[in-house]
Protein chains: 2
Amino acid sequence: MRQFKLFAIPALLGALAVSSAALAQGQPSKGEQLLKYRKAVYQAIAWNFGPMGAMAQGKAPFDAAEFSMRAGRVAALTPMLAESYSAESQGVTGSKAKPELWTSRADFDAKMKDLVERSAALAKVAAGGDEAKSKAAFFDAANTCKACHDKFKAD
Amino acid sequence: MRQFKLFAIPALLGALAVSSAALAQGQPSKGEQLLKYRKAVYQAIAWNFGPMGAMAQGKAPFDAAEFSMRAGRVAALTPMLAESYSAESQGVTGSKAKPELWTSRADFDAKMKDLVERSAALAKVAAGGDEAKSKAAFFDAANTCKACHDKFKAD
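Keep in mind it's a predicted model, so treat the numbers as computed, not measured. Per chain, the residues get numbers from 1 upward, laid out in the order the sequence is written. Think of it this way: whatever chain is written first is A, whatever ligand is written first is 1, and the rest follow in order. Two thresholds apply to this predicted model, a pLDDT of at least 70 for residue-level local features and 80 or more for giving and counting side-chain atom pairs, whereas whole-chain, interface and lining totals are computed over all residues. The side-chain numbers reported here are obtained from all heavy atoms of the structure, hydrogens and water having been left aside.

Engineer: Honestly, the packing of aromatic side chains in this entry has me stumped. Any pointers?
Structural biologist: We describe a pair of aromatic rings using the distance from one ring centre to the other and the angle between the two ring planes. Residue and element names in this part refer to chain A. Think of it this way: a Phe, Tyr or Trp ring, Trp meaning its six-membered ring, pairs with another when their centres are within 6.5 Å, and the plane angle makes it stacked under 30 degrees, edge-to-face over 60, tilted otherwise. One pass over the full model with this rule turns up 16 aromatic pairs over all chains. Each residue in the set Phe49, Phe62, Phe67, Phe138 and Phe139 is aromatic and connected to the rest through ring pairs, giving one cluster. Only when the NZ atom of a Lys or the CZ atom of an Arg is both within 6 Å of the ring centre and within 35 degrees of the ring normal do we say a charge sits over the ring. Between the NZ or CZ atom of Arg38 and the centre of the ring of Tyr85, over which it lies, the distance is 3.9 Å.

Below you can see the structure in the form of C-alpha cells.
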C-alpha cells in the first residue's frame with residue numbers, strides 16, 4: 001500500500017522545489033533560492049510579530065493565548081534565518097542586505113544570535129501569560145530586529 | 001534606556017506589516033495578506049522538506065542531525081497554514097486553491113489536520129535518529145501533502 005502511494009512523491013518533491021516562475025525563467029541560482037527562502041521566513045515572522053506589536057503598543061487588547069501562540073511561532077522561525085544568509089547568497093539581486101553585512105559578518109552573526117535568543121526568551125515569558133512581562137520581552141526582541149536593520153538593511 | 005529605544009518600534013512594525021510593493025499599489029486586502037503569508041509558509045516548508053526528500057529517496061546520504069533539524073522546522077511551520085486559509089482569503093487572485101476547498105471545507109480541514117499530525121510525528125521520530133523509521137515517517141507526512149494537493153490544488 002505504501003509503495004503505491006510513494007510512486008508520486010518524486011513529482012511532488014520536484015514541484016515543491018521549483019516554482020512555475022522558476023521553470024519559466026530557468027533554474028534559479030542557489031543564491032536566488034536562498035533569498036526566496038529568507039524573504040519567506042521574514043514574511044512569516046512579520047505576520048506573527050504584527051499582532052504582538054499591536055498588543056504591546058496598546059492598539060489591541062492583550063490576549064495572552066494569542067500572544068503566546070505568536071511568540072512561539074516567531075521563536076520557531078528566527079533560527080531559520082541564519083541558513084538563508086550563507087555565503088552563496090552574497091550579492092544576489094533583490095536583497096536589501098547592505099554590503100556591510102558581508103564585511104562585518106561577525107557583528108551580523110552576533111545580532112542574529114541576539115534575535116534568536118530574545119525571541120526564545122519572549123516565547124518563554126509569553127507562555128507564562130503575564131501581560132507586563134510579555135510586553136517587555138516583546139520590545140526586547142523587537143529591538144534586536146531594529147539593531148540589525150539599522151546597520152545591515154538598506155532602506 | 002528602554003523608553004528611548006522603544007521610540008522607533010512603531011516605525012519598525014509598520015515596515016514589517018506593509019511591504020514597499022503594497023504601498024505603491026495601495027494597502028493589500030486581508031485576503032491578499034493571508035495569501036502572501038500562506039505562500040511564505042509553504043515556501044519555508046518546501047525549503048526544509050526538500051533535503052529530507054532527497055535523503056528519504058536515497059539521492060543524498062542520510063544525515064540524522066540535519067534530517068531531525070528540518071523535520072522540527074516543518075513541524076513548527078505546518079500549524080501556521082490553517083490561519084492562512086481563513087474565509088477572508090476565499091477567491092483571492094493568485095491562489096491555487098480550487099473552489100472545492102471552500103465547498104468541502106470539512107474535508108480540507110481534516111487533511112490539514114493530518115499534515116500537522118504527521119509532521120509532528122515525523123519530527124518526533126526523526127529526533128530518535130533511526131534512518132528507516134525517519135524515512136517511513138517522512139513518506140507518511142509527504143503523502144498528506146499529496147492527498148490535499150490532489151483534491152484541492154489547481155495545477
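Engineer: Would you mind going over the packing of helix H5 (residues 64–77) of chain A against helix H8 (residues 105–128) of chain A with me for this structure?
Structural biologist: The packing of two helices is summarised by the inter-axis angle and the distance between the axes. Residue and element names in this part refer to chain A. Where H5 contacts H8, the two axes come as close as 8 Å, and the packing angle between them is 155°. Between H5 and H8, the interaxial angle falls into the category roughly antiparallel. Viewed along their axes, H5 and H8 form a crossing whose handedness is left-handed. Across the interface between the two elements, Phe67, Ser68, Ala71, Gly72, Val74 and Ala75 from H5 touch Ser119, Ala120, Leu122, Ala123, Ala126 and Ala127 from H8. Charged means Asp, Glu, Lys or Arg here, nonpolar means Ala, Val, Leu, Ile, Met, Phe, Trp, Tyr, Cys or Pro, and polar covers whatever is left, Gly included. Across the contact of H5 with H8, the residue classes break down as nine nonpolar, three polar and no charged. For every element, the axis is a line fit to its C-alpha atoms; helices are fit only across the contacting stretch, and the angle between N-to-C directions ranges from 0 to 180 degrees. Helix and strand assignments come from DSSP, with helices taken as H or I runs of at least 4 residues and strands as E runs of at least 2, each series counted from the N terminus. Throughout, the term roughly parallel applies to angles under 35 degrees, roughly antiparallel to angles over 145, roughly perpendicular to angles from 65 to 115, and oblique to all others. Left-handed describes a crossing whose near helix is turned anticlockwise from the far helix by less than a right angle; the clockwise case is right-handed. In what follows, a contact means two residues having at least one pair of non-hydrogen atoms within 4.5 Å.

Engineer: Explain the state of the cysteines here, please?
Structural biologist: Simply put, the disulfide is a covalent bond whose two ends are the sulfur atoms of two cysteines. Disulfide assignment relies on a single distance test, namely cysteine sulfur atoms paired within 2.5 Å. Scanning the model with the defined rule gives zero disulfides over all chains in all. You can see B:Cys145 has no disulfide; the closest cysteine sulfur is in B:Cys148, sitting 8.7 Å from it.

Engineer: Just to check I follow, could you spell out a positive patch on the surface for this structure?
Structural biologist: Candidates for patches are residues over 30% relative accessible area with no salt bridge; among them, like charges are joined within 9 Å and nonpolar side chains (Val, Leu, Ile, Met, Phe, Trp, Tyr) within 5 Å. Computed with a 1.4 Å probe, the accessible areas rest on the Shrake-Rupley method; for each residue, only the protein chains presented here act as cover. Only one rule defines a salt bridge in this text: a Lys or Arg side-chain nitrogen within 4 Å of an Asp or Glu carboxyl oxygen. When charges are tallied, Lys and Arg are placed among the positive residues and Asp and Glu among the negative ones, while His and the ends of the chain are skipped. By convention, the point assigned to a charge is CZ for Arg, NZ for Lys, CD for Glu and CG for Asp. Judged by side-chain charge, A:Lys36, B:Lys39, B:Lys96 and B:Lys153 come together as a positively charged surface patch. Its location among the elements puts A:Lys36 in helix H4 (residues 30–56).

Engineer: Help me understand H8(A), please; the structure alone is not making it clear to me.
Structural biologist: Since the α-helix packs 3.6 residues into each turn, any two residues three or four apart lie on the same face. Residue and element names in this part refer to chain A. With 24 residues, H8 extends 35 Å from end C-alpha to end C-alpha; this agrees with the ideal 34 Å at 1.5 Å per step. Burial classes follow relative accessibility: with a 1.4 Å probe on protein chains only, a residue under 20% of its type's maximum area counts as buried, one over 50% as exposed, and anything between as partly exposed. What H8 keeps buried is the set Phe108, Lys111, Met112, Leu115, Ser119, Leu122, Ala123 and Ala126. Summarising the contacts, the buried residues of H8 are in contact with H4, H5, helix H6 (81–84), helix H7 (100–103) and helix H9 (131–152). Once H8 finishes, Gly129 follows within two positions and takes phi at roughly 85°, a positive value. One less than the residue count of a helix, multiplied by 1.5 Å, gives the span that helix is expected to have.

Engineer: Looking at this model, I keep getting lost on the side chain of B:Lys135. Mind explaining?
Structural biologist: Summarising the element assignment, B:Lys135 is placed in helix H9 (residues 131–152). Once residues lying within four places of it in the same chain are set aside, the contact partners of B:Lys135 are B:Met55, B:Ala56, B:Phe62 and B:Phe67.

Engineer: Explain the pattern of salt bridges to me, please; I cannot follow it from the model alone.
Structural biologist: Any two side chains of opposite charge can pair, given that their charged atoms come close. One pass over the full model with this rule turns up 20 salt bridges over all chains. Across the pair B:Lys111 and B:Asp107 runs a salt bridge, and its minimum N-O distance is 2.8 Å. Taken together, the positions of B:Lys111 and B:Asp107, both in helix H8 (residues 105–128) and four residues apart, correspond to about one turn of that helix. The network of salt bridges with common partners includes A:Glu66, A:Arg70, A:Arg73 and B:Glu83.

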